[in-house]
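Each chain, written out:
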Amino acid sequence: MTKRRSPHNIPEREDLMVSAMDSSKNIPNGKIRSAADLGRLVRDLREKQGATQADLANFAQTGARFIIELEAGKPTVRLDKVLQVLSILGVELTATKRS
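Procedures and definitions
- Residues numbered from 1 in each chain as written.
- Predicted model: local features only at pLDDT ≥ 70, side-chain atom pairs only at ≥ 80, totals over all residues.
- Heavy atoms only, no water.
- Helix = DSSP H or I, 4+ residues; strand = E, 2+ residues; numbered from the N terminus.
- Core = buried A, V, L, I, M, F, W, Y, C linked by side-chain atoms within 4.5 Å.
- Buried < 20%, exposed > 50% of the residue type's maximum accessible area, 1.4 Å probe, protein only.
- Contact = heavy atoms within 4.5 Å.
- Patch = residues over 30% accessible without salt bridge, like charges linked within 9 Å, V, L, I, M, F, W, Y side chains within 5 Å.
- Areas by Shrake-Rupley, 256 points an atom, 1.4 Å probe, with all protein chains shown as cover.
- Salt bridge = Lys/Arg side-chain N within 4 Å of Asp/Glu carboxyl O.
- Axes fitted to C-alpha atoms, helices over the stretch in contact; angles between N-to-C directions.
- Parallel < 35°, antiparallel > 145°, perpendicular 65-115°, else oblique.
- Nonpolar A, V, L, I, M, F, W, Y, C, P; charged D, E, K, R; others polar.
- Expected span 1.5 Å × (residues − 1).
- Arc of directions from axis to C-beta.

**Describing unusual backbone geometry**
For residues other than glycine, phi is negative in most cases, and the peptide bonds are mostly trans. Even without glycine at this site, Q61 takes up a positive phi of about 55°. Relative to the elements of secondary structure, Q61 occurs in the loop between α3 (53–59) and α4 (64–71).

**What about the nonpolar core?**
With 17 residues, the main nonpolar core has V42, L56, L70, V85 and L89 as its most contacted residues. Setting aside residues up to four positions removed in sequence, L70 forms contacts with A35, L38, G39, V42, V77, V82 and V85.

**Points about a nonpolar patch on the surface**
Side chains of L79, L83 and L93 sit close together on the surface and give an oily, nonpolar patch of about 280 Å² of accessible area. Tracing the backbone through its elements, the reader meets L83 in helix α5 (residues 79–88).

**Describing the packing of α4 against α5**
Helix-helix packing is characterised by the crossing angle of the two axes and by the distance between the axes. α5 packs onto α4 with a crossing angle of 90° between their chain directions and a minimal axis gap of 11 Å. Classified by the angle between their axes, α4 and α5 sit roughly perpendicular to one another. In contact with F66, I67 and L70 of α4, α5 contributes K81, V82 and V85. Residue composition of the contact of α4 with α5, grouped by class: 5 nonpolar, no polar and 1 charged.

**Points about helix α2 (residues 35–48)**
Taking 1.5 Å per residue, 14 residues should reach 20 Å; α2 reaches 20 Å between its end C-alpha atoms and fits that length. Along its buried surface, α2 packs onto α3, α4 and α5. Directly after α2, the chain includes G50, whose backbone phi takes a positive value near 75°.

**A short note on α5**
Of the positions making up α5, those classed as buried are V82, V85, L86 and I88. Mapping the buried residues of α5 onto a view down its axis gives an arc of 160°, with all of them on the same face. Just beyond α5, the residue with positive phi is G90, at close to 80°.

Here it is as structure tokens:
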């Protein structure tokens, strides 16, 4: 799939979302037990999309610093922003009862 680019050479938001959803079979399947695990997941998904941290921040309407801190595993990031980022990457957060 050829990605459309904005005048600033950034993939269109819709293209990032569509390609993330198309590659859902490549999403690591495992338990997120820490902020560091979540950060690694976000970084892996972003890199698979060919997006920079700045691109993802722009698409998710947040700051680049937030993406940097999220990917670094900062434990005190805002949940609403995390959910925005995951949505842009085509990922849904779910919780299950421990067995």
